[in-house]
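Coordinate analysis (summary)
The chain contents come next:
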Amino acid sequence: MSGPAVIRIKPYHYTHVLDNNKNVTRVEVGPQTFTRQDHEQLVSGPDAMIMIPPRHYCIIQNPVARDEKGKPVTDHLGQTKIRHGDEEIRFEQEPFPLYPGEKLYGKVSPLQVVAPNTALRLRCIRDFKDDKNDRVAGDEWLFEGPGTYIPRVELQVVEIVKAIIIKPNQALKLRARKEFTDKSGVKRRAGEEWLVREVGAYLPNVEEEVVQTLSAYVLTDKKAIHLQATKTFTDVFGKERKAGEEWLVTIDDAETHIPDVYENVIGEVKITTLTSRQYAVVLDPVGEDGKPQMGRRVLKKGEAVFFLRPGERLESGIQSVHVLDSDEALLLRAREAFKDESTERKPGDRWMIYGPCDYVPPVQVEILEKRKAIALDENEGIYIRDLKTGKVRSVSGQTYMLSPYEELWEKDLPS
């Protein structure tokens, strides 16, 4: 059916008419009263023109080809040429008709407004040149807000990226997807990890992958954290740490600490407290250079508070001060040569400290045993052997304290 002979086309409407003689379809635009000839056929319409209000756009598939002045290009038969398989994005303009072959993809849509602290992740799907750079298919970058995004047929919106809020005592752990230069001007290699510690909103770049948000450890007078370096690096305090090195971060260093990407948290360390009646011996103490002094021993007397550094340990834990009564004594032996007040002691020397007194042994001294004076009646006695000579003698009817080189000797009696 060819349709009515007289077609009244309203303003801002159009229709497609096919000339059967030339097999060419043309556009008739209103307002007009169109009289159809016998060799002409009404293909579609009348249809309303496409109207794009301000801050809107639409996508046209198979758009018509245009010359330098923006007018449609036709062939020698008068048929408008179209770019098959291509697309064109049109913005605010006067109402326009669709030429034969053109299609409206979707509907007229408002331009996308990008809010502050958000961005659009864009991907280039065909090569083109923008105002600053030559873009290659596969490139990705961010269009950061606030702003209005103007779409292009060469671009695809991958996702909406929202900024991550970094609160006080928090940090953002990032990983590089590929080699690039970050916002601070630091060159990053693929797979490298680092921390962003600045408080506020942070918008990750397309080359950055968010690993996790880290919270700081709060340090107090009674708590420290034990760290280990996974590789050689310089920490936030400006100290170079070797791979495998262990150290403590205390409140003297900082009130809070966020472990770096190359810091492994071994655990929390509680403070060691000594009262005025206690002491402790620390084995393998850490020196001023931060390195353990293997084989050394350090005496800590109360009152004192301290943290055990990595590698340090207490010998026999926290010990109480030795309190001697008037009839008690401690048998001592020198571990190494040292000067005991005015007396020179050699390794293996034995001597005794007599009460009443308080005694804390220095690290060069070993306590063998605690002795007490033996009270003997007139009819009571003991045998004593001299460790140097081997002689045995008897003592009776008195209160006797063994000397450093004496011991009690048991005599076997016949049954």
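Now for a description of the structure that goes with this document. The written sequence of each chain sets the order in which its residues are numbered from 1. Side-chain atom pairs in this predicted model are given and counted only at pLDDT of 80 or more, local residue features only at pLDDT of at least 70, and totals for whole chains, interfaces and linings cover all residues. Side-chain descriptors were evaluated using all non-hydrogen atoms of the structure, hydrogens and water having been removed beforehand.

1. Looking at the sheet that holds strand S38 (residues 328–334)
A pair of strands is treated as paired once DSSP finds two or more bridges between them. What counts as a helix is a DSSP run of H or I of at least four residues, what counts as a strand is a run of E of at least two, and both are numbered from the N terminus. Across the sheet, which stays open at both edges, the three strands sit in the order S41-S38-S43 with antiparallel pairing between neighbours. Each edge of the open sheet carries a strand with a single partner, namely strand S41 (350–354) and strand S43 (365–372). For this sheet, the mean angle separating the axes of adjacent strands, direction not counted, is 30 degrees. Bridge analysis of S38 against S41 gives five bridges, and the strand direction is antiparallel. Residue pairing for S41: Leu330 is matched across the bridge by Ile353. Under this scheme, a helix contributes an axis fitted over its contacting stretch, all axes are lines through C-alpha atoms, and angles between N-to-C directions fall in the 0 to 180 degree range.

2. Overview of the packing of aromatic side chains
Only rings of Phe, Tyr and Trp enter the pairing, Trp through its six-membered ring, and a pair is recorded when the two centres are within 6.5 Å. The plane angle decides the type: under 30 degrees is stacked, over 60 is edge-to-face, the rest tilted. Taken as a whole, this structure holds five aromatic pairs when the rule is applied. On the numbers, 5.8 Å between centres and 55 degrees between planes, the contact of Phe233 with Tyr262 is tilted. Here the residue Phe233 occupies a position in strand S27 (residues 233–234), and Tyr262 occupies one in the loop between strand S30 (256–257) and strand S31 (263–270), the gap between them amounting to 29 residues. A relative accessible area of 8% means that Phe233 is categorised as buried. Counted as over-ring charges are cases with an Arg CZ or a Lys NZ within 6 Å of the ring centre that also lie within 35 degrees of the ring normal. Across from the ring centre of Tyr262, 4.9 Å away, lies the NZ or CZ of Lys231, which sits over that ring. The ring of Phe306 carries Lys300 above its face, with NZ or CZ at 5.3 Å from the centroid. When accessible area is computed with a 1.4 Å probe and restricted to protein chains, residues below 20% of their type maximum are described as buried, those above 50% as exposed, and intermediate ones as partly exposed.

3. What to know about the nonpolar core
One finds Tyr14, Val27, Met49, Ile50, Ile52, Cys58, Ile60, Phe96 and Leu98 forming the largest nonpolar core, which totals nine residues. Mapped by element, the contributors of at least two residues to this core are strand S6 (50–52) and strand S7 (56–61). It only takes one pair of heavy atoms within 4.5 Å for two residues to be counted as in contact. Setting aside anything within four residues of it in sequence, one finds Tyr14 in contact with Ile9, Val27, Glu28, Val29, Gly45, Pro46, Asp47, Ala48, Met49, Pro97 and Leu98. Grouping buried Ala, Val, Leu, Ile, Met, Phe, Trp, Tyr and Cys residues that are joined through side-chain atoms within 4.5 Å yields what is termed a nonpolar core.

4. Quick word on the pattern of salt bridges
Counted as salt bridges are all cases of a side-chain nitrogen of Lys or Arg within 4 Å of a carboxyl oxygen of Asp or Glu. Inspection of every chain in the model, using the stated rule, returns 31 salt bridges. Note that Arg26 and Glu40 form a salt bridge whose closest N and O atoms lie 2.8 Å from each other. You can see Arg26 sitting in strand S3 (residues 24–29) and its partner Glu40 sitting in strand S5 (residues 40–48), a full 14 residues away along the chain. Residue class for Arg26 comes out partly exposed when judged on its relative accessible area of 28%. Look at Glu40 and you get buried, because its relative accessible area is 6%. Put simply, Arg175 and Glu193 hold a salt bridge, and the shortest N to O gap is 2.8 Å. Of the two residues, Arg175 is situated in strand S19 (residues 170–176) and Glu193 in strand S22 (residues 193–196); the sequence distance between them amounts to 18 residues. Residue classification places Arg175 among the partly exposed residues on the basis of a relative accessible area of 27%. Taken together, the shared-partner salt bridges in this structure form one network comprising Arg83, Asp86, Glu88, Arg90, Glu102 and Arg126.

5. As for the side chain of Thr118
Mapping Thr118 onto the fold places it in strand S12 (residues 118–124). Its relative accessible area of 14% is what places Thr118 among the buried residues. Dropping the residues within four chain positions of it, Thr118 is found in contact with Phe143, Glu144, Gly145, Val161, Lys162 and Leu203.

6. Here we look at the side chain of Arg345
Looking at where Arg345 falls in the secondary structure, it is placed in strand S40 (residues 343–345). Note on Arg345: relative accessible area 16%, which makes it buried. The residues contacting Arg345, other than those within four sequence positions of it, are Ala334, Glu336, Ala337, Phe338, Asp340 and Trp351.

7. Structural notes on unusual backbone geometry
Put simply, Gly145 and Pro146 share a cis peptide bond, and its omega is 5 degrees. If you trace the backbone, Pro146 turns up in the loop between strand S15 (140–144) and strand S16 (147–149). In this structure, Asn169 takes a positive phi of about 65 degrees despite not being glycine. Summarising the element assignment, Asn169 is placed in the loop between strand S18 (164–166) and S19. Take Asn169: its relative accessible area is 42%, and that puts it in the partly exposed class.

Nothing here speaks to function; it is all geometry.
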